[in-house]
Amino acid sequence: MQTITININNDQLIDKVTSFLNHLKKDGLEVVSREDWDDLKLLKSTREEDSISFDEYMENEN
């Protein structure tokens, strides 16, 4: 998979580019905002960490 970053400073152009790219989703294109990409990278980095259930977390909150 290849990643392309597009920086756009014009709100009207953002709408046009996003609309065009959304038409390509059926061909397998994935459109992700930079903010979402950063969040996904952070989530991925935690995959190897141990986790506990929410109930256990609440029981040991203090």
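For every chain, the first residue of its written sequence is number 1, and the numbers climb from 1 along that sequence. Owing to the predicted nature of the model, reporting of local features is limited to residues with pLDDT of at least 70; listing and counting of side-chain atom pairs is limited to 80 or more, with chain, interface and lining totals taken over all residues. Neither water nor hydrogens contribute to the side-chain values; these are computed over all heavy atoms in the structure.

Caption draft 1: Quick look at the overall build of the protein chain. Starting at the N terminus, helices and strands are each numbered in turn, a helix being any DSSP run of H or I of at least four residues and a strand any DSSP run of E of at least two. Broken down by element type, the protein chain carries 3 helices and 0 strands. Shown N-terminal to C-terminal, the secondary structure of the protein chain runs as helices and strands in the order α-α-α. Every radius of gyration here is taken over C-alpha atoms, with the globule rule written as 2.2 Å times N^0.38, N being the number of residues. Relative to its length of 62 residues, the protein chain is extended, with a C-alpha radius of gyration of 18 Å against a globular reference of 11 Å. Counting only C-alpha atoms and orienting by the principal axes, one finds that the protein chain spans roughly 50 × 25 × 20 Å. The buried share among the 62 residues of the protein chain stands at 0%. Note on charges: Lys and Arg go in the positive column, Asp and Glu in the negative column, and His and the chain ends are not counted at all. In plain terms, the charge of a residue is placed at NZ if it is Lys, CZ if Arg, CG if Asp and CD if Glu. Across the protein chain, the centroid of the 7 positively charged side chains sits 14 Å from that of the 15 negatively charged ones. Type-normalised accessible area, obtained with a 1.4 Å probe on protein chains alone, sets the label of each residue: buried when under 20%, exposed when over 50%, and partly exposed for intermediate values.

Caption draft 2: Representation of helix α1 (residues 11-23). A helix is expected to span 1.5 Å multiplied by its residue count minus one. With 13 residues, α1 ought to run about 18 Å at 1.5 Å a step, and its terminal C-alpha atoms sit 19 Å apart, in line with that. Two or three places before Gln12, at the opening of α1, Asn10 has a side-chain oxygen 2.8 Å from that residue's backbone nitrogen. We call two N or O atoms a polar contact when they sit within 3.5 Å, provided that within protein one can donate a hydrogen and the other can accept it, with sequence-adjacent residues counted only if both atoms are side-chain atoms.

Caption draft 3: How the structure looks around a nonpolar patch on the surface. Patch membership requires more than 30% relative accessible area and the absence of a salt bridge. Residues of like charge join within 9 Å; the nonpolar side chains Val, Leu, Ile, Met, Phe, Trp and Tyr join within 5 Å. To measure how exposed things are, a 1.4 Å probe is used in the Shrake-Rupley method; for residues, cover is taken only from the protein chains shown. Any carboxyl oxygen of Asp or Glu within 4 Å of a side-chain nitrogen of Lys or Arg constitutes a salt bridge here. A surface patch of nonpolar side chains, about 320 Å² in accessible area, is lined by Phe20, Leu24, Leu29 and Val31. Tracing the backbone shows Val31 in the loop between α1 and α2 (34-45). Since its relative accessible area comes to 36%, Val31 is described here as partly exposed.

Caption draft 4: Representation of the confidence of the model for the protein chain in the model. Every residue carries a pLDDT, the predictor's confidence in it, which falls somewhere between 0 and 100. Here the protein chain averages 83 in pLDDT, while 97% of its residues score no lower than 70. Looking across the protein chain, the model is least confident in α2, with a mean pLDDT of 76, and most confident in α1, with 92.

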